[in-house]
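# Geometric and topological summary
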Amino acid sequence: MIEKILFWLKNSRLFSLPMTLLSWFVIFIYAFDGNKINGIVALIGISCAHLATNLFDDYMDYKNLNDNCQQCKCAYIKEGKASHGDVLKVAGIYCFIAVITGIFLTLRCGLPVIGLALTGGIITLIYSKLSSKGFSEIAVGIAFGPLLFEGVYYVMKGEFSSPVFILSLAVVMFTIGLMYVHTVLDYEGDMSAHKMTLACRFGTKSRAVNGVFAIYGFGFFFTFVLAFVLKNYYYLLTFLLIPLVFNLQKSLKTFRCGGEEKEFYSRLLKARNLMVYYSTVICCVIAFGKIFG
């Protein structure tokens, strides 16, 4: 049983969950004087929705696999370790858990939770379709940005907040960065499958690679706005991470689609780590302000 759970967690791309955990932790620290139980329950629902989205994406992508896709893409299905239908069933289990947490929070916090949960649920179900049309970054931006941050803040504090909205835009650009890098790495396969991701819409692989500067540039811009609005310029310490963006872009230039799995994941983990470092600095700034402010 344990092996089966670990199998599905791995194929649900558990390695990507830190972007959810850290995004949640940023707003949890920001609203730390609120209802902590509600905040933790929200994390469970958000995490399950995230993992369900990953499996739904595999479920849809498996139908359009071709010889130009990454070797690791849907490998567990291709190798017969799980059926196409199994993927849908496990995704459904994740969604069921997310629904239960939504009902719990609605009873404790009121009807606005229903609107937040429904929006998140719709994005989960249609993410793969949005991704194929080049809107995955918008979906991620909404789900892991304002929806996550304002949602957690609401269940903890009972209100919405404009500074939280700006904070969400700053943090989510680094989450979007991870998703965007994934599409850059899948560029050739997605083009062959006529899957018009944002990276594909740049027209060439070189322009798509340079697109990381725009994604992360917006992140640092919103961070500057946040520092100005809150009059806390310690947030600008995140600018020390800019060299890592250049390092990431350089590594993407040397990647060749269809290569070894470790080459794929080494670059994807660079993007994930950038989000981890950014969120860690933000959390430290928030905590420092609460302790010494």
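Here we summarise the structure given alongside this text.

How each quantity is defined
- Residues numbered from 1 in each chain as written.
- Predicted model: local features only at pLDDT ≥ 70, side-chain atom pairs only at ≥ 80, totals over all residues.
- Heavy atoms only, no water.
- Core = buried A, V, L, I, M, F, W, Y, C linked by side-chain atoms within 4.5 Å.
- Buried < 20%, exposed > 50% of the residue type's maximum accessible area, 1.4 Å probe, protein only.
- Contact = heavy atoms within 4.5 Å.
- Axes fitted to C-alpha atoms, helices over the stretch in contact; angles between N-to-C directions.
- Helix = DSSP H or I, 4+ residues; strand = E, 2+ residues; numbered from the N terminus.
- Parallel < 35°, antiparallel > 145°, perpendicular 65-115°, else oblique.
- Left-handed = near helix turned anticlockwise from the far one by under 90°.
- 1 Å grid on protein atoms, 1.4 Å probe; cavity = no way out; pocket = protein on both sides within 12 Å on 5 of 7 lines; lining within 4 Å.
- Points joined across faces, edges and corners; volume = space filled by probe spheres on them.
- Nonpolar A, V, L, I, M, F, W, Y, C, P; charged D, E, K, R; others polar.
- Disulfide = S-S within 2.5 Å.
- Salt bridge = Lys/Arg side-chain N within 4 Å of Asp/Glu carboxyl O.
- Phe/Tyr/Trp six-rings, centres within 6.5 Å; stacked < 30°, edge-to-face > 60°.

### Examining the nonpolar core
Proteins that are soluble and globular tend to have nonpolar side chains buried together. Core analysis: the largest hydrophobic core is formed by 72 residues, its most contacted members being Leu-167, Val-181 and Tyr-216. Setting aside residues up to four positions removed in sequence, Leu-167 forms contacts with Val-26, Tyr-30, Phe-149, Leu-226, Ile-282 and Ile-286.

### A short note on the packing of helix 11 (residues 205-230) against helix 12 (residues 242-253)
Orientation of helix 11 relative to helix 12, taken along the N-to-C sense of each, is 160 degrees, at an axis distance of 9 Å. Here helix 11 lies roughly antiparallel to helix 12, going by the angle between them. Here helix 11 and helix 12 pass one another in a crossing that is right-handed. In this structure, helix 11 contributes Val-209, Asn-210, Val-212, Phe-213, Tyr-216 and Phe-220 to the contact, and helix 12 contributes Ile-242, Val-245, Phe-246, Leu-248, Gln-249, Leu-252 and Lys-253.

### Observations regarding empty space enclosed by the protein
Counting across every chain of the model gives one cavity of 30 Å³ or more. Forming the boundary of the largest cavity are 22 residues, of which Arg-13, Asp-57, Tyr-127, Met-179 and His-182 lie nearest the centre. Broken down by secondary-structure element, the contributors of at least two residues to the lining of the largest cavity are helix 3 (36-61), helix 6 (112-132) and helix 8 (162-185). Counting residues per element, the lining of the largest cavity draws most heavily on helix 3, which supplies five residues.

### Some remarks on the layout of surface pockets
Its volume calculated, the largest pocket comes out at about 850 Å³. Together, 38 residues line the largest pocket, and Ala-49, Leu-116, Ala-117, Gly-120 and Gly-121 are the ones closest to its centre. Of all the elements in the fold, those that place two or more residues in the lining of the largest pocket are helix 3, helix 5 (84-109), helix 6 and helix 7 (136-157). Considering each element in turn, the lining of the largest pocket owes the most residues, eleven residues, to helix 6. By residue class, the composition of the lining of the largest pocket is 27 nonpolar, eleven polar and no charged.

### Remarks on the state of the cysteines
The tally for this structure, following the rule as stated, stands at zero disulfides. Distance from the sulfur of Cys-283, which forms no disulfide, to the nearest cysteine sulfur (Cys-284) is 7.0 Å.

### What to know about the pattern of salt bridges
If you walk through the whole model with that rule in mind, you get two salt bridges. Ionic pairing is found between Lys-157 and Asp-33, a salt bridge with its closest N-O pair at 3.0 Å. Of this pair, Lys-157 sits in helix 7 while Asp-33 is found in the loop between helix 2 (18-30) and helix 3, placing the two residues 124 residues apart along the sequence. Overall, Asp-33 belongs to the exposed group, its relative accessible area being 60%.

### Some details on the packing of aromatic side chains
Following the criterion strictly, the structure yields 14 aromatic pairs and no others. With centroids separated by 6.3 Å and ring planes inclined at 75 degrees, the aromatic side chains of Tyr-180 and Phe-202 adopt a geometry described as edge-to-face. Here Phe-202 lies in the loop between helix 10 (198-201) and helix 11 and Tyr-180 lies in helix 8, a separation of 22 residues in the sequence. In this structure Phe-202 comes out as partly exposed when scored by relative accessible area, which is 31%. Each ring, one from Phe-213 and one from Phe-246, has its centre 5.0 Å from the other, and the planes form 45 degrees; the classification is tilted. Here Phe-246 lies in helix 12 and Phe-213 lies in helix 11, a separation of 33 residues in the sequence. For Phe-213, a relative accessible area of 32% puts it in the partly exposed group. Phe-246 sits in the partly exposed class, given a relative accessible area of 49%. Taken together, the aromatic side chains of Phe-174, Tyr-216, Phe-220, Phe-239 and Tyr-278 make up a single cluster linked through ring pairs.

### A look at the side chain of Thr-106
Looking at the element boundaries, Thr-106 is found in helix 5. We classify Thr-106 as buried; its relative accessible area is 18%. In contact with Thr-106, not counting residues within four places along its chain, are Val-113 and Ile-114.

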